[in-house]
There are 2 protein chains.
Amino acid sequence: MRERILAAATRHFAAGGYHGSSLARIAADCGLSQPGLLHHFPSKRRLLEELLAERDRRDVRAVGGWSEPGGAGVLDFTRRLVAHNAGQPDVVRAFAVLSGEAVGTDHPARDYFVERYRTGVAALAAGLRRGVAAGELRADLDCAAVAAEVLAVMDGMQTQWLLAPDRFDMAAAFAAYTDRLRAAITAPDPAEG
Amino acid sequence: MRERILAAATRHFAAGGYHGSSLARIAADCGLSQPGLLHHFPSKRRLLEELLAERDRRDVRAVGGWSEPGGAGVLDFTRRLVAHNAGQPDVVRAFAVLSGEAVGTDHPARDYFVERYRTGVAALAAGLRRGVAAGELRADLDCAAVAAEVLAVMDGMQTQWLLAPDRFDMAAAFAAYTDRLRAAITAPDPAEG
């Protein structure tokens, strides 16, 4: 039943966001009364928090964690993540609506998303720095700036895909972007000067 | 009074989005009754539409339109737009929350944002193509892909900035990105082979 409630909440948040969803309607979708739902998740806020945490756990199971690869391997990791996302539009849509709402000043997931970007940029930058230290990536690379850029492209392309999935191939566009980026940040071959 | 209602709506949408805002509270903020507000804007949906259209008109007055510059000049235009946005966080926040909600399946501004990305990418790609035709930009440039990437970076960096304005300098980060991009897409100097 917990799974069923999370799936229903994902559908409702993907339609109207947190602000536009009602616990009573999510409960009804699961054949539950509102008190019945509150037995599993004690508040709308807790349901939101569990839904976000559950998606993070599933992503790690599907594609691994941020901090594993070093050097340009971090770009392969982000590609796998984007390709994985391209196959689960409903989950991604719910998450995108919630993160969009959360840049507002009045949202229970604001701190979650602040922390998520902080740790995401930090892990990606650390992976790039390992590539610089190994001589694989350019010595003058601004790793924090590139990390912020890569996350920005993931998010921004996701928006374009969610608004026009038939017109914009997110996985292909992101792969092309990381190809261009990899060429730009790879250290020049010493043999070529 | 119209200005005052739009300013109040911007504050409310920046906090709780469209779904989380109420016409009655926006009216109260302006010292109006709800029927008093409906005299100026006949529905919450019309108020939203007018707010989006008004922001577009102001942006064009402040930084010009998408289609004016050609070649790498389109990147200067996007930089001016981002620098302008960095100075109006409340307006940008309202817009970001609304566009985040609008990737949901149930939002009155969904078509507006679909069309906005379509025309934005098309105008930016057309500007890049003029630069290719003039020999300023690389002949093999995938202009549509780069245009989608630039809009994605603008959006994604905006999210990071709105979540942590003291930690992330959006205008500087976007300027650094366009510097890197410009170097990558500029046609090689024939004198250097």
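What you are looking at is a predicted structure, and each value in this text was computed from that prediction instead of being measured.

Once that is clear, we can look at the relation of the copies chain B and chain A. Mapping chain B onto chain A leaves a residual RMSD of 0.0 Å; the transformation is a rotation of 180° accompanied by 0.0 Å of translation along its axis. One copy is carried onto the other by what is essentially a two-fold rotation axis. The rotation axis passes nearest to the C-alpha of B:Gly100 in chain B, at a distance of 1.9 Å. Both copies present the same face, since 100% of the interface residues in chain B are matched by interface residues at the equivalent positions in chain A.

What follows covers the UniProt feature "domain: HTH tetR-type" (unreviewed entry) in chain A. The UniProt record marks residues 1–59 of chain A with the feature "domain: HTH tetR-type" (unreviewed entry), using the residue numbering of this structure. In this annotation, residues 1–59 of chain A is assigned 76% helix and 0% strand; the end-to-end C-alpha distance for the span is 21 Å.

Our focus in this paragraph is helix 8 (residues 143–163) of chain A. Here helix 8 of chain A spans 31 Å end to end across 21 residues, near enough to the 30 Å set by a 1.5 Å rise per residue. Taking burial as the measure, the 21 residues of helix 8 of chain A include 18 buried ones, the bulk of the element.

Any segment with low pLDDT has predicted coordinates that should not be analysed in fine detail. Per-residue pLDDT for chain A has a mean of 92; in total, 96% of the residues score no lower than 70. The secondary-structure element of chain A with the lowest mean pLDDT is helix 4 (residues 44–63) of chain A, recorded at 91, while helix 8 of chain A shows the highest, at 96.

Before going further, it helps to spend a moment on the packing of helix 1 (residues 2–16) of chain B against helix 4 (residues 44–63) of chain B. Residue and element names in this part refer to chain B. Look at helix 1 against helix 4: their axes get within 10 Å of each other, and the N-to-C directions meet at 100°. With respect to helix 4, the axis of helix 1 lies roughly perpendicular. Note on element contacts: helix 4 touches helix 1 through Leu47, Leu48, Glu50, Leu51, Glu54, Arg57 and Arg58, opposite Arg2, Glu3, Ile5, Leu6, Ala9, Thr10 and Phe13. Taken together, the residues of the contact of helix 1 with helix 4 sort by class into seven nonpolar, one polar and six charged.

What follows concerns the packing of aromatic side chains. All names here are of chain A. Evaluation of the coordinates by the stated rule reveals 10 aromatic pairs over all chains. Both rings, one in Phe13 and one in Tyr18, keep their centres 6.0 Å apart while their planes meet at 45°; by these two values the pair is tilted. Members of the aromatic cluster, joined through ring pairs, are Phe95, Tyr112 and Phe113. Stacked on the ring of Tyr18, the Lys or Arg Lys44 has its end atom at 4.3 Å from the ring centre. Above the face of the Phe95 ring, Arg55 is positioned so that its terminal group lies 4.3 Å from the ring centre.

Another point: helix 6 (residues 89–102) of chain A. The terminal C-alpha atoms of helix 6 of chain A, which comprises 14 residues, lie 19 Å apart, in line with the 20 Å expected from a rise of 1.5 Å per residue. Among all positions of helix 6 of chain A, only A:Val92, A:Arg93, A:Ala94, A:Phe95, A:Ala96, A:Val97, A:Leu98, A:Ser99, A:Gly100, A:Glu101 and A:Ala102 are buried.

Quite often, the size of an interface is put as the accessible area lost when its parts meet. Of the residues lining the interface, 39 residues belong to chain B; the matching set on chain A comes to 39 residues. For the pair chain B and chain A, the summed buried surface comes to about 3,200 Å²; carbon and sulfur atoms form 65% of the total. Among the residues chain B hides against chain A, the three largest losses belong to B:Val103, B:Gln160 and B:Leu163. Together they make up 21% of the total. Run the count over chain B and chain A and you get two salt bridges. Put simply, chain B and chain A have 12 residue pairs in polar contact (both at pLDDT 80 or more) between them. Among the elements of the structure, helix 1, helix 6 (89–102), helix 7 (110–133), helix 8 (143–163) and helix 9 (170–185) of chain B are those that each provide at least two residues to the side of chain B that touches chain A. The dominant element in the side of chain B that touches chain A, judged by the number of residues it contributes, is helix 8 of chain B, at 14 residues.

A separate point is the UniProt feature "DNA-binding region" (unreviewed entry) in chain A. As recorded in UniProt, the sites labelled "DNA-binding region" (unreviewed entry) are residues 22–41 of chain A. Taken end to end, residues 22–41 of chain A is 70% helix and 0% strand, and its two terminal C-alpha atoms sit 14 Å from one another.

With that out of the way, let us pick up the nonpolar core. By size, the foremost hydrophobic cluster in this structure holds 124 residues, and its most contacted members are A:Phe13 and B:Phe13. What A:Phe13 contacts, discounting residues up to four positions off in sequence, is A:Tyr18, A:Ser21, A:Ile26, A:Leu48, A:Leu51, A:Ala94, A:Val97 and A:Leu98.

What counts, and at which threshold
As a convention, each chain's residues are numbered from 1 in the sequence order in which they are written. All chains are assigned letters beginning with A, and all ligands numbers beginning with 1, in the order in which they are written. In keeping with the predicted nature of the model, local features appear solely for residues at pLDDT of at least 70, side-chain atom pairs appear and are counted solely at 80 or more, and the whole-chain, interface and lining totals rest on all residues. To obtain the side-chain values, all non-hydrogen atoms of the structure were included, while hydrogens and water were left out. Least squares is the method for superposing the copies, and the C-alpha atoms it fits come from residues with pLDDT of at least 70 in both. Note on definitions: a residue-residue contact is assigned when non-hydrogen atoms from the two residues lie within 4.5 Å. UniProt positions are given in the numbering used here, feature names are shortened, and annotations may be inferred rather than shown by experiment. Starting at the N terminus, helices and strands are each numbered in turn, a helix being any DSSP run of H or I of at least four residues and a strand any DSSP run of E of at least two. Helices are assigned an expected span. That span is 1.5 Å times one less than the residue count. Burial classification: accessible surface area is computed with a 1.4 Å probe over protein chains only, and a residue below 20% of its type maximum counts as buried, one above 50% as exposed, and the rest as partly exposed. Per-residue confidence from the predictor is reported as pLDDT, which spans 0 to 100. Interaxial angle, 0 to 180 degrees, is taken between N-to-C directions of lines fitted to C-alpha atoms, where a helix line uses only the stretch in contact. Any angle that is under 35 degrees is reported as roughly parallel, and any over 145 degrees as roughly antiparallel; angles of 65 to 115 degrees are reported as roughly perpendicular and all others as oblique. Here the nonpolar group is Ala, Val, Leu, Ile, Met, Phe, Trp, Tyr, Cys and Pro; Asp, Glu, Lys and Arg are the charged ones; every other residue, Gly included, is treated as polar. Whether two aromatic rings pair depends on their centres lying within 6.5 Å, for rings of Phe, Tyr and Trp, where Trp uses its six-membered ring; planes under 30 degrees apart make the pair stacked, over 60 edge-to-face, and the rest tilted. Remark: a charge is flagged as sitting over a ring if the NZ atom of Lys or the CZ atom of Arg is within 6 Å of the ring centre and within 35 degrees of the ring normal. Two parts placed together each lose some accessible area under a 1.4 Å probe, and the buried area is that loss summed for both. Salt bridges are counted wherever a side-chain nitrogen of Lys or Arg sits within 4 Å of a carboxyl oxygen of Asp or Glu. Pairs of N or O atoms are called polar contacts if they sit within 3.5 Å, as long as, within protein, a hydrogen donor faces a hydrogen acceptor (for residues adjacent in sequence, only side-chain-to-side-chain pairs). To qualify as a nonpolar core, a set must consist of buried Ala, Val, Leu, Ile, Met, Phe, Trp, Tyr and Cys residues joined through side-chain atoms within 4.5 Å.

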